[in-house]
Amino acid sequence: MALVNMNDMLSQARQGHYAVGAFDLINLEFAEAILAAAEAQRAPVILSTAAVHFDYVNMKALAPSLVRLAEEASVPVALHLDHGTDLAMAAQAIRLGFTGVQVDTAHLPLADNIAVTREVVKLARAFDVSVEGELGYVAGHEGDHGHREIGDEPIYTEPDVAAVFTEATGIDCLAVSVGTVHGLLKGEPRIDFSRLKEIREATPVPLVIHGGSGLSQETYGQLVESGMCKINFYAELSRTAADSIRERLRQKPDSDNITHLLGGMRQAVRQAAENKIRIWGSAGKA
Ligand SMILES: [Zn+2]
């Protein structure tokens, strides 16, 4: 198929009442596993790269491979910048061929969040790249994969602010804070579904949930039913990958066969992604 604009993909998801997985990757093995999962399930998919991982991932070096893999994939693929830090990072991602960008300025006062997001939209429009805005604060640390209690308090997205923000910025999709947490929690987070419904009614753009790991099948179903079109997913993939390597080393503690270890990891990540793609309803939608 091809590398596609994320906006088209999410508009279809909104119409079709399903959510597209935005899987954060940290290397080529993850990317190949995620794409293999999407192809096996005939699902559109978002290859997502989080700025917090850029001290580990050399994105300038990796991006050309991601673009190539996406172009050769048999399903629609969007390449997205997750939690970009500023306009310069968004510009670099666009230069590298990304088709969706987020610059996360949700921690700033609303007027500043609007001002920066508008600049990102202005830049991205010129290259037919879609923009994700964010309102509120999803607690926990992006890219964090440790088990822990909720350490800091979330700030929930206000429906009336969502309406103002969407209108003022021209964003294509909106990340909202309704009770999920970055990383893995002990126990299920409490999601404010009535707030989510109000947000959906207040804004016309597809909604995005961050911190999509560790939720029950029922909660995922409710999120999709409530209009969630993009689910960001990383912590569980990271744990799955680590578990796989641990298990193979447990079976063969003196193994020095790194392709066997990483091959097993790739297989495990693929299975985890396929499982979520089915639950989120995007299977068969490519
Ligand atoms: Zn996030």
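Just so it is clear, the structure is predicted and the values come from calculations on it, not from any experiment.

Let's talk about unusual backbone geometry
Turning to step 1, where the next piece is worked out: Despite not being glycine, Arg42 shows a phi value in the positive range, around 50°.
Turning to step 2, where the next piece is worked out: Assignment of secondary structure puts Arg42 in the loop between helix H2 (28-40) and strand S3 (45-50).
Turning to step 3, where the next piece is worked out: Residue Arg42 is classed as partly exposed on the basis of its relative accessible area, which comes to 34%.
Turning to step 4, where the next piece is worked out: Even without being a glycine, Asp128 presents a positive backbone phi close to 55°.
Turning to step 5, where the next piece is worked out: Locating Asp128 in the fold gives a position in the loop between helix H5 (110-125) and strand S6 (130-135).
Turning to step 6, where the next piece is worked out: For Asp128, a relative accessible area of 55% translates into the label exposed.

Things to note about the layout of surface pockets
Turning to step 1, where the next piece is worked out: Approximately 470 Å³ is the volume attributed to the largest pocket.
Turning to step 2, where the next piece is worked out: Forming the walls of the largest pocket are 26 residues, and the residues nearest its centre are Asp104, Ala106, His107, Gly136 and Tyr137.
Turning to step 3, where the next piece is worked out: For the lining of the largest pocket, the elements supplying multiple residues, two or more each, are strand S4 (76-84), H5 and S6.
Turning to step 4, where the next piece is worked out: When grouped by side-chain class, the residues that make up the lining of the largest pocket number 12 nonpolar, 10 polar and 4 charged.

Focus on the UniProt feature "binding site: Zn(2+) 1" (unreviewed entry) in the protein chain
Turning to step 1, where the next piece is worked out: Here, UniProt's "binding site: Zn(2+) 1" (unreviewed entry) annotation points to His83, His182 and His210. The named residues occupy 128 residues along the chain; their greatest pairwise C-alpha distance, 12.0 Å, places them in one compact cluster. As for the largest pocket, its lining draws on His83 and His182 from among the annotated residues.
Turning to step 2, where the next piece is worked out: Within the secondary structure layout, His83 lies in strand S4.
Turning to step 3, where the next piece is worked out: Taking relative accessible area as the criterion, His83 reaches 12% and is therefore assigned buried.
Turning to step 4, where the next piece is worked out: With respect to the helices and strands, His210 occurs in the loop between strand S10 (207-209) and helix H8 (217-225).
Turning to step 5, where the next piece is worked out: A polar contact of 2.9 Å, which involves the side chain of His210, links it to the side chain of His83.

Side note on the environment of Ala235
Turning to step 1, where the next piece is worked out: Within the secondary structure layout, Ala235 lies in helix H9 (residues 235-251).
Turning to step 2, where the next piece is worked out: Taking relative accessible area as the criterion, Ala235 reaches 5% and is therefore assigned buried.
Turning to step 3, where the next piece is worked out: The sequence separation of Ala235 and Arg248 amounts to 13 residues, and the corresponding C-alpha distance is 20 Å.

Quick word on the confidence of the model for the protein chain
Turning to step 1, where the next piece is worked out: Put simply, the protein chain has an average pLDDT of 93, and 95% of its residues get 70 or more.
Turning to step 2, where the next piece is worked out: Between residues 145-150, whose pLDDT stays under 50, and residues either more than four places distant or in other chains, the model counts 19 contacts.

Section: empty space enclosed by the protein
To locate leftover empty space, one rolls a probe as large as a water molecule over the atoms.
Turning to step 1, where the next piece is worked out: Counting across every chain of the model gives 2 cavities of 30 Å³ or more.
Turning to step 2, where the next piece is worked out: Considered as a void within the structure, the second largest cavity measures approximately 50 Å³ in volume.
Turning to step 3, where the next piece is worked out: If you trace the second largest cavity, you find it lined by Val181, Gly183, Leu185, Gly187, Pro189, Gly211, Ser213 and Gly214.
Turning to step 4, where the next piece is worked out: In the lining of the second largest cavity, the residues fall into 3 nonpolar, 5 polar and no charged.

A few points about the UniProt feature "active site" (unreviewed entry) in the protein chain
Turning to step 1, where the next piece is worked out: When the UniProt feature table is mapped to this numbering, "active site" (unreviewed entry) covers Asp82.
Turning to step 2, where the next piece is worked out: In this fold, Asp82 is placed in strand S4.

Some thoughts on helix H4 (residues 87-95)
Turning to step 1, where the next piece is worked out: Taken as a whole, H4 has its buried residues at Met89, Ala90, Ala91, Ala93 and Ile94.
Turning to step 2, where the next piece is worked out: Tucked into the core, H4 has its buried residues touching S4, strand S5 (100-103) and H5.
Turning to step 3, where the next piece is worked out: Count one or two residues on from H4 and you reach Gly97, which has phi positive near 105°.

With respect to the pairing of S4
Turning to step 1, where the next piece is worked out: With respect to burial, S4 is a largely interior element, 9 of its 9 residues being buried.
Turning to step 2, where the next piece is worked out: Bridge count between strand S1 (residues 2-3) and S4: 2 bridges; the pairing is parallel. Residue pairing in the sheet places Leu3 in a bridge with Val77 of S4.
Turning to step 3, where the next piece is worked out: As paired elements, S3 and S4 share 6 bridges and run parallel to each other. Each bridged residue has a counterpart across the sheet, and for Ala50 the counterpart in S4 is Asp82.
Turning to step 4, where the next piece is worked out: Following the chain from S3 across helix H3 (residues 59-72) to the adjacent parallel S4, one finds a crossover that is right-handed.

Conventions adopted
Residues numbered from 1 in each chain as written. Predicted model: local features only at pLDDT ≥ 70, side-chain atom pairs only at ≥ 80, totals over all residues. Heavy atoms only, no water. Helix = DSSP H or I, 4+ residues; strand = E, 2+ residues; numbered from the N terminus. Buried < 20%, exposed > 50% of the residue type's maximum accessible area, 1.4 Å probe, protein only. 1 Å grid on protein atoms, 1.4 Å probe; cavity = no way out; pocket = protein on both sides within 12 Å on 5 of 7 lines; lining within 4 Å. Points joined across faces, edges and corners; volume = space filled by probe spheres on them. Nonpolar A, V, L, I, M, F, W, Y, C, P; charged D, E, K, R; others polar. UniProt positions renumbered as here; feature names shortened; annotations may be inferred. Polar contact = N/O pair within 3.5 Å; in protein donor to acceptor, adjacent residues only side chain to side chain. pLDDT = per-residue confidence, 0-100. Contact = heavy atoms within 4.5 Å. Pairing = 2+ DSSP bridges. Right-handed = clockwise from strand over helix to strand, strands pointing away.

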